[in-house]
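Notes for the structure review
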Amino acid sequence: MMNPYVRPGIDDRPDYDKALSPEDKASVQRLAADPKQQAPEASADQPGAQAARLAADGTTTVAAASTVDAAVPDYASSFLDMRDPMVSADGHRPSAIEVSRLKWGFAVGSFLITAPWAALNLVAIPDHIARIAGFDTDADWLAIPGMGPGQSMFTLVRDLPLLVVIGALFSIFLGPLVSALSDRTRVPLGRRTPWLIGGGILSALIALIVGAIGNLAGVIFFWILLQFTYAALIVPLAAALSERVPDKFRDVIERWNAIGVIAGQAAGGVIGGLSIAFGAREPFTCAAVLFAISGIATVLVWPKEPSSVSQPRVPLDGAAFASLKPLPREDRYRPFRRLFWSRTFMTSAVSMTAVFLWYVVRFSVYGSEPMFTSAPLTLPSGLLIAMLALASLAGTLLASYSAGAITDKFAEGFGPWWRDSRAAVVCACALYAVGLAVGLAIVAIGGEKSLMIFSFITGLASGLYDVFIQPLVVDALPDPHDSGRDLGSYALARPLGLIIGALGGALAIAVGSQITGSLGFTAVFPGAIVCVAIAALFLRK
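Rules used in this analysis
Within each chain, residue numbers correspond to sequence positions counted from 1 in written order. In view of the model being predicted, local features appear only for residues whose pLDDT reaches at least 70, and side-chain atom pairs are presented and counted only at 80 or more, with totals across whole chains, interfaces and linings using the full set of residues. Calculation of side-chain values draws on the structure's entire complement of heavy atoms; hydrogens and water are dropped beforehand. UniProt positions are given in the numbering used here, feature names are shortened, and annotations may be inferred rather than shown by experiment. By definition here, a salt bridge exists when the distance from a side-chain nitrogen of Lys or Arg to a carboxyl oxygen of Asp or Glu is within 4 Å. Definition of nonpolar core: a set of buried residues of the types Ala, Val, Leu, Ile, Met, Phe, Trp, Tyr and Cys, connected through side-chain atoms within 4.5 Å. A simple rule labels every residue: compare its accessible area, found with a 1.4 Å probe on the protein chains alone, to the largest value its type can have, and call it buried under 20%, exposed over 50%, or partly exposed in between. It only takes one pair of heavy atoms within 4.5 Å for two residues to be counted as in contact. Numbering of helices and strands runs from the N terminus, with a helix taken as a DSSP run of H or I at least four residues long and a strand as a DSSP run of E at least two residues long. Identification of polar contacts relies on pairs of N or O atoms within 3.5 Å, with a donor-acceptor requirement for protein atoms, meaning one able to donate a hydrogen and the other able to accept it, and with residues adjacent in sequence counted only if both atoms are side-chain atoms. Nonpolar side chains (Val, Leu, Ile, Met, Phe, Trp, Tyr) within 5 Å and like charges within 9 Å form the patches, drawn only from residues with over 30% relative accessible area and no salt bridge. Per-residue and other accessible areas follow the Shrake-Rupley method at a 1.4 Å probe size, with only the shown protein chains counted as cover for residues. The span expected for a helix works out to 1.5 Å for each residue beyond the first. This arc is taken over the directions from the axis of the helix to the C-beta atoms. Angles shown run from 0 to 180 degrees and are taken between the N-to-C directions of axes, each axis being a line fitted to C-alpha atoms and, for helices, limited to the stretch in contact. Comment on the angle field: the value is read as roughly parallel under 35 degrees, roughly antiparallel over 145, roughly perpendicular from 65 to 115, and oblique elsewhere. Helix crossings fall into two classes, left-handed where the near helix is turned counterclockwise from the far one by less than a right angle and right-handed where it is turned clockwise. Aromatic pairing here means that ring centres of Phe, Tyr or Trp (its six-membered ring) are within 6.5 Å. Orientation follows from the plane angle: under 30 degrees is stacked, over 60 is edge-to-face, and everything else is tilted.

Where an unreviewed UniProt entry is consulted, the protein appears under the name Transport protein, with the organism given as Bifidobacterium callitrichos DSM 23973. The protein has a UniProt comment under Subcellular location (unreviewed entry) that states "Cell membrane".

In structure tokens form, the structure reads like this:
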């Protein structure tokens with residue numbers, strides 16, 4: 001019996017369901033997928049989006065801006081298959097002008113979003129809480145009848161940490177919620193543009209309301225709302241960086257985004273410190289103006305976002321909050337957990353001094369010295385805050401540009417074991433502790449302008465910590481295929497560290513005041529040193 005005729009290329013084609021492995025099938029499906037018909041990947045699963053979010057939160061900002069190679073593994077990158085690395089995830093091939101607009105758009109957006117947030121947290125909110133408690137920060141510390149130093153201190157130590165802790169707790173849940181809602185936005189303007197514009201305008205309005213409210217309960221309520229609107233700015237911006245920037249230009253634009261965050265943090269301290277001298281509400285007004293233009297400026301600078309109307313509907317489920325689940329207790333997660341807790345306590349040390357910095361400057365540095373002019377005491381205090389912000393910027397920039405050279409030099413002297421070694425991170429912790437000790441000594445002996453040395457050293461040390469720990473975090477990722485979700489869990493170190501820092505600072509001030517009344521708000525310095533020591537202990541293998 002004759003065999004049937006086999007048509008070449010038709011009848012002899014292999015059965016791809018049997019010939020291809022599951023990994024090959026996934027690659028073919030990704031290459032042939034129509035982005036208008038298939039739901040895009042959730043931003044919570046994108047390593048690039050989570051890395052950008054970490055930089056926006058100030059956790060790995062210096063690492064992103066530095067030249068040290070610590071790239072987060074991304075198995076969806078076009079460098080690993082046959083896709084064009086010049087085409088972004090949304091299917092667009094940007095021109096040279098559009099790439100430049102993307103670079104400046106992310107830099108401008110991150111700067112305008114970070115600056116008002118820093119101004120509120122460093123100066124505006126602590127000063128507002130003090131005024132609500134009945135203390136006029138323009139006047140002398142001892143000139144308020146019926147409000148002695150100790151009474152004022154413990155009132156502020158109670159109210160400010162309460163506000164900070166509640167805001168941090170809500171931010172833990174609001175970030176993933178905004179991320180999921182933004183992913184599911186189906187409008188002609190795109191998925192991220194409405195959130196950026198709306199988040200900026202609403203943040204501006206709420207900032208003005210917070211500055212006008214004269215009771216603590218009202219401030220807490222609107223501060224929670226501000227956590228949501230602020231998340232509506234930073235989360236879509238981080239997701240857009242992963243979606244709209246081609247893999248070819250991802251490193252460059254991430255670096256510019258991180259530089260915008262660094263500059264915004266310094267600008268926020270300068271704006272808050274200088275504006276407080278003109279009135280208690282001026283920092284809120286300046287923050288509102290920056291918030292209002294942040295989203296609009298970002299959208300105007302970068303290329304127009306494609307429409308998301310044709311995007312399939314995706315139900316909102318519990319997978320959007322997967323990063324909130326505790327890390328598994330498996331042995332392979334142990335190095336990652338140790339780095340997570342090290343990052344948490346290092347963040348708590350930074351937060352402990354940042355939360356109470358305005359009180360340290362206003363009450364511990366200038367509180368006991370009478371002023372012989374009609375100028376309010378917020379004038380020298382604000383100027384000092386501005387100078388401290390600039391000194392911290394100088395230290396951070398030095399860390400960003402010298403971390404690679406420092407690593408290379410130590411690797412030459414001590415051998416290759418030094419590179420990506422925990423010893424480098426421990427040295428950064430020790431340097432930060434030295435900076436805290438210097439700050440405590442300067443406040444104790446006087447010479448307020450010398451406090452810039454403390455700010456410079458701590459800025460340098462925290463920057464080096466971020467750079468040195470980043471390769472360890474990347475190497476400790478339990479499963480590189482789930483690096484997006486693991487980095488989302490790692491991002492929780494910031495709010496947890498903020499909570500520990502606020503509560504630990506309040507405890508340190510209370511205990512320090514019982515030991516010696518002269519310590520006052522400067523007790524946050526030894527408290528922060530304890531947190532740094534704990535962060536270093538978690539670096540043990």
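Moving on, there is more to tell.
1. Re the pattern of salt bridges
Tallied over the full model, the rule gives eight salt bridges. Taking the shortest distance from any N to any O, the salt bridge between R158 and D159 comes out at 2.8 Å. Shared partners join several salt bridges into a network, and the residues in it are D183, R191, R192 and E243.

2. Section: the nonpolar core
Ranked by size, the top nonpolar core spans 121 residues in total, and within it F106, I125, I129, Y359, I469 and F521 carry the most contacts. Setting aside chain neighbours within four positions, we find I129 in contact with L156, D159, L160, L163, L216, V219 and Y359.

3. Things to note about the side chain of S294
Mapped onto the fold, S294 is located in helix α10 (residues 282–301). For S294, a relative accessible area of 0% translates into the label buried. Among the polar contacts made by the side chain of S294, one reaches the main-chain carbonyl oxygen of F291 at a distance of 2.7 Å. The contacts of S294, once residues within four sequence positions are left out, are L112, I113, G200 and L233.

4. Regarding a nonpolar patch on the surface
Together, I201, L202, L205, I296 and L300 line one region of the surface with nonpolar side chains, adding up to about 460 Å² of accessible area. Every element with two or more residues in the nonpolar patch is listed here: α7 (193–212) and α10. Top contributing element to the nonpolar patch by residue count: α7, with three residues. Tracing the backbone through its elements, the reader meets L300 in helix α10. With a relative accessible area of 64%, L300 lands in the exposed category.

5. Description of the side chain of R250
Summarising the element assignment, R250 is placed in helix α9 (residues 250–275). One polar contact links the side chain of R250 to the main-chain carbonyl oxygen of V245, over a distance of 3.0 Å.

6. Topic: helix α18 (residues 524–537)
Helix length check: α18 (14 residues) gives 20 Å between terminal C-alpha atoms against 20 Å at 1.5 Å per residue, within 8%. All buried positions along α18 are accounted for by V524, F525, G527, A528, C531, V532 and A535. The arc enclosing the buried residues of α18, seen along the axis, measures out at 160°, which places them on a common side.

7. A short note on the environment of G175
Tracing the backbone shows G175 in helix α6 (residues 149–183). Between the alpha carbons of G175 and T229 there is a distance of 9.9 Å; along the sequence they are 54 residues apart. In contact with G175, other than residues within four places in its own chain, are A231 and V235.

8. Details of the packing of helix α11 (residues 334–355) against helix α15 (residues 451–476)
The description of two helices packed together rests on the angle between their axes and the distance between the axes. In the contact formed by α11 and α15, the axes pass within 10 Å of each other and the chain directions differ by 160°. It follows from the interaxial angle that α11 and α15 lie roughly antiparallel. Regarding α11 and α15, the two cross each other, and that crossing is left-handed. On the side of α11, the interface is formed by P335, F336, L339, S342, R343 and M346, while α15 contributes S462, Y465, D466, I469, L472, V473 and A476.

9. Re the environment of G134
Position of G134 among the secondary structure elements: in the loop between α5 (96–132) and α6. Along the primary structure G134 and T155 are separated by 21 residues, whereas in three dimensions their C-alpha atoms are 9.5 Å apart.

10. Considering the packing of aromatic side chains
Throughout the structure, instances matching the rule amount to 15 aromatic pairs. When the ring of W117 is compared with that of W223, the centres are 5.2 Å apart and the planes differ by 10°; the resulting orientation is stacked. Placement of W117 in helix α5 and of W223 in helix α8 (residues 216–244) is noted, with a sequence separation of 106 residues between them. For the pair shown, W117 and W223 are each scored as buried.

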